[in-house]
Amino acid sequence: MAYDKDISFDVGSPQRSLDETAGFAKPIGFRLSIDRLKFPNAEFNVQTASIPEISVDSATYSTPQRTIEIPGDKVNYAALDVTFIVDDKLTNYNEIHDWLFGLVTVQENTSINKTRDMSLLILDSHNNVSREITFANAFPTSLSTVEFDARSTDVEYLTANTSFNYSYFKVK
């Protein structure tokens, strides 16, 4: 699915109005949904996720007196970084591990889709979904170490970090 968003810089285009009912977003009000059929355990234990950086490189336009920066023609998306609690059977860790390993070991085939759409669901103050950020064609690029430490006196659950690349993200 291609990303098409109609953006107008025309001064005569309709203006957006102020949404006076909007509240503040809570940092704990989110859910990450990957693919419940293929990766049912990976999404429920997510501890941190961030809306990744988006940037546009500028191009240089040289004149005799000075150099002028103009907007570039490509949008760059940073990786989606996620931290999740590892379950005691390592099921969710293994799901991401196998997906990552399968990216390089499974033969290319048009009937095999190695990417998945993921959704970061932003929740309002009543825990209802207020926005959905869809990451198209996502796939893992890294999975961190899981550190066991018998010297720890407090019970801290094991966590792992994983990074995903994707084609683009869209806010709905």
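Residues numbered from 1 in each chain as written. Predicted model: local features only at pLDDT ≥ 70, side-chain atom pairs only at ≥ 80, totals over all residues. Heavy atoms only, no water.

In this section: the overall build of the protein chain. The number of helices and strands found in the protein chain is one helix and nine strands. In sequence order, the protein chain lays out its α and β elements as β-β-β-β-β-α-β-β-β-β. Sorting the 172 residues of the protein chain into buried and exposed places 27% on the buried side. Long-range pairs, those at least 24 residues apart, make up 62% of the contacts in the protein chain between residues at least 6 apart in sequence. Accessible surface computed for the protein chain: about 12800 Å², of which carbon and sulfur atoms make up 52%. (Helix = DSSP H or I, 4+ residues; strand = E, 2+ residues; numbered from the N terminus. Buried < 20%, exposed > 50% of the residue type's maximum accessible area, 1.4 Å probe, protein only. Contact = heavy atoms within 4.5 Å. Areas by Shrake-Rupley, 256 points an atom, 1.4 Å probe, with all protein chains shown as cover.)

To continue, consider the side chain of Thr-115. In this structure, Thr-115 sits in the loop between α1 (91-105) and β6 (116-123). Taking the relative accessible area as the measure of exposure, Thr-115 reaches 18% and is therefore buried. Polar contacts involving the side chain of Thr-115 include one to the side chain of Asn-113, which spans 2.9 Å. (Polar contact = N/O pair within 3.5 Å; in protein donor to acceptor, adjacent residues only side chain to side chain.)

The first and last C-alpha atoms of α1 sit 20 Å apart over 15 residues, in line with the 21 Å expected at 1.5 Å per residue. Every buried residue of α1 is listed here: Asn-92, Glu-95, Ile-96, Trp-99 and Gly-102. Buried positions in α1, seen along its axis, are confined to an arc of 125° and lie on one side of it. Exposed residues pointing more than 90 degrees away from the buried face of α1 are listed as Phe-101 and Val-104. Along its buried surface, α1 packs onto β5 (80-85), β6, β7 (129-143) and β8 (159-165). (Expected span 1.5 Å × (residues − 1). Arc of directions from axis to C-beta.)

The predicted model of the protein chain has a mean per-residue pLDDT of 83, with 81% of residues at 70 or higher. Within the protein chain, β8 carries the highest mean pLDDT (94), whereas strand β1 (residues 30-33) carries the lowest (83). (pLDDT = per-residue confidence, 0-100.)

So, on to the pattern of salt bridges. One pass over the structure, following the stated rule, counts one salt bridge. Residue Asp-149 is joined to Arg-151 by a salt bridge in which the shortest nitrogen-to-oxygen separation is 3.0 Å. Assessed through its relative accessible area of 36%, Asp-149 is described here as partly exposed. (Salt bridge = Lys/Arg side-chain N within 4 Å of Asp/Glu carboxyl O.)

What follows concerns the side chain of Asn-92. Relative to the elements of secondary structure, Asn-92 occurs in helix α1. Of the residues examined, Asn-92 reaches a relative accessible area of 0% and is grouped as buried. From its side chain, Asn-92 meets the backbone oxygen of Ile-85 in a polar contact 2.8 Å long.

Turning our eyes to something else, we now look at unusual backbone geometry. In the Ramachandran plot, Leu-90 falls in the positive-phi region, its phi being about 60° despite a non-glycine side chain. Along the polypeptide, Leu-90 turns up in the loop between β5 and α1.

Before going further, it helps to spend a moment on the nonpolar core. In terms of nonpolar packing, the biggest core is built from 23 residues, with Leu-32, Ile-34, Leu-80, Met-118, Leu-120, Phe-135 and Phe-164 touching the most fellow members. Elements supplying a minimum of two residues to this core: β1, β5, α1, β6, β7 and β8. A total of four residues in this core trace back to one element, the largest contributor, which is β7. (Core = buried A, V, L, I, M, F, W, Y, C linked by side-chain atoms within 4.5 Å.)

Turning next to the packing of aromatic side chains. What characterises a pair of aromatic rings is the spacing of the ring centres plus the angle enclosed by the ring planes. Within the structure shown, the criterion is met by six aromatic pairs. Measuring from ring centre to ring centre gives 5.5 Å for Phe-135 and Phe-169, while their planes differ by 50°; the resulting arrangement is tilted. Of this pair, Phe-135 sits in strand β7 while Phe-169 sits in strand β9 (residues 168-171), and the two are 34 residues apart along the sequence. Taking the relative accessible area as the measure of exposure, Phe-169 reaches 9% and is therefore buried. (Phe/Tyr/Trp six-rings, centres within 6.5 Å; stacked < 30°, edge-to-face > 60°.)

Following the sequence through the fold, Phe-139 ends up in strand β7. On a C-alpha basis, the gap between Phe-139 and Asn-165 in space is 5.7 Å, while along the polypeptide they are 26 residues apart. Residue contacts for Phe-139: discarding those within four places in its chain leaves Trp-99, Leu-103, Lys-114, Thr-115, Ser-163, Phe-164 and Asn-165.

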